[in-house]
Amino acid sequence: SSGINAEYGGASCTDISTDGTKLWTGGLDNTVRAWDLREPSNKLETYDFTSQIFSLGYCPKDDWVAVGMESCYIELFNVNKSITEKYQLQKHESSVLSLKFSSDGNWFVTTGKDNQMNIWTTPHGYNAYQSQEAASVLGCDISEDDRFIITGSGDKKATLYEVVY
């Protein structure tokens, strides 16, 4: 077990790159950090934002990272220095509480305090689907085959969605 130095404000959310070499952390100090898992004391990059980071995900295809913020925005950026594209997405009306990429990396899901579940395309952030639940949607996951999305909400319910495309 290796420790990551949390003196930077802790990690409110995490993800690991597909190749298993990078750990991504998002913090309440408005910063996303990339860590080299081969040498955990080695922080590779930092990315600053204007709001607290509540959720994030590393895309299994290409080098996109999506960040869900307390402010209701989602920012999608590429960590490859030769790609300067960056997208700011907004459909949520309050904090983005969870975020998960599909296994093929072509889309991702966000959920929020505003009772919404959204599906977005990667990387341009087209809002492909939106659903309203009865309470804050606290978390989500996607099945390995990308056929199902499960959400958990503040009213103690889990909702299963079938993905058809």
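Attention here is on the structure that accompanies the text.

Conventions and cut-offs
Residues numbered from 1 in each chain as written. Predicted model: local features only at pLDDT ≥ 70, side-chain atom pairs only at ≥ 80, totals over all residues. Heavy atoms only, no water. Pairing = 2+ DSSP bridges. Helix = DSSP H or I, 4+ residues; strand = E, 2+ residues; numbered from the N terminus. Axes fitted to C-alpha atoms, helices over the stretch in contact; angles between N-to-C directions. Buried < 20%, exposed > 50% of the residue type's maximum accessible area, 1.4 Å probe, protein only. Polar contact = N/O pair within 3.5 Å; in protein donor to acceptor, adjacent residues only side chain to side chain. Contact = heavy atoms within 4.5 Å. Core = buried A, V, L, I, M, F, W, Y, C linked by side-chain atoms within 4.5 Å. Phe/Tyr/Trp six-rings, centres within 6.5 Å; stacked < 30°, edge-to-face > 60°.

**Examining the sheet that holds strand β6 (residues 64-69)**
Backbone hydrogen bonds are what pair the strands of a sheet, in a parallel or an antiparallel way.
Link 1 in the chain: Here four strands make up an open sheet; going across it, the order is β5-β6-β7-β8 and the pairing antiparallel. Of all the strands in the sheet, just β5 (53-58) and β8 (86-89) have a single pairing partner and so form its edges. Adjacent strand axes in the sheet meet at a mean angle of 15° when their direction is disregarded.

**Details of the environment of S71**
Link 1 in the chain: With respect to the element layout, S71 can be found in the loop between β6 and β7 (74-78).
Link 2 in the chain: S71 sits 21 residues away from H92 along the chain, and the two C-alpha atoms are 9.2 Å apart.

**Some details on the side chain of S98**
Link 1 in the chain: Mapped onto the elements of the fold, S98 is located in strand β9 (residues 96-101).
Link 2 in the chain: Judged by relative accessible area, S98 falls into the buried class, the value being 9%.
Link 3 in the chain: A polar contact of 2.4 Å, which involves the side chain of S98, links it to the side chain of T111.
Link 4 in the chain: Only 3.4 Å separates the side chain of S98 from the backbone nitrogen of C140, close enough to count as a polar contact.
Link 5 in the chain: Setting aside anything within four residues of it in sequence, one finds S98 in contact with S55, V109, T110, T111, L138, G139 and C140.

**Some words on the environment of E85**
Link 1 in the chain: If you trace the backbone, E85 turns up in the loop between β7 and β8.
Link 2 in the chain: Taking relative accessible area as the criterion, E85 reaches 38% and is therefore assigned partly exposed.
Link 3 in the chain: The spatial distance from the C-alpha of E85 to the C-alpha of P123 is 9.2 Å, given a sequence separation of 38 residues.
Link 4 in the chain: Filtering out sequence-adjacent residues up to four positions away, E85 remains in contact with W64, F77, N78 and H124.
Link 5 in the chain: At 2.4 Å, the side chain of E85 forms a polar contact with the side chain of Y87.

**A closer look at the nonpolar core**
Link 1 in the chain: By size, the foremost hydrophobic cluster in this structure holds 14 residues, and its most contacted members are W24, V32, F49 and V67.
Link 2 in the chain: Residue assignment for this core shows that the elements contributing at least two residues are β3 (31-36), β5 and β6.
Link 3 in the chain: Setting aside chain neighbours within four positions, we find V67 in contact with V32, F49, I53, S55, L56, Y73, I74, E75, F77 and L99.
Link 4 in the chain: Membership of the second largest hydrophobic core comes to twelve residues, among which are A66, L76, L99 and F101.

**What to know about the sheet that holds strand β1 (residues 13-16)**
Link 1 in the chain: Strand order in the open sheet formed by four strands is β1-β2-β3-β4, with antiparallel pairing between adjacent strands. Across the chains shown, the open sheet's two edge strands, defined by having one partner strand only, are β1 and β4 (43-48). The sheet shows a mean angle of 15° between the axes of neighbouring strands, direction not considered.
Link 2 in the chain: Relative to strand β2 (residues 22-26), β1 runs antiparallel, the two being bridged by four bridges.

**Remarks on the packing of aromatic side chains**
Link 1 in the chain: Per the stated rule, a full pass over the model turns up eight aromatic pairs.
Link 2 in the chain: Centroid distance W24 to Y47: 6.0 Å. Interplanar angle 35°. Geometry classified as tilted. In this pair, W24 is assigned in strand β2 and Y47 in strand β4, connecting sequence segments 23 residues apart.
Link 3 in the chain: Its relative accessible area of 1% is what places W24 among the buried residues.
Link 4 in the chain: Taking the centre distance of 6.5 Å and the plane angle of 75° together, the rings of Y129 and Y161 count as edge-to-face. Taken together, the residues span a long stretch of sequence, with Y129 in strand β12 (residues 127-132) and Y161 in strand β15 (residues 158-162) at a distance of 32 residues.
Link 5 in the chain: The class for Y161 is buried, based on a relative accessible area of 13%.

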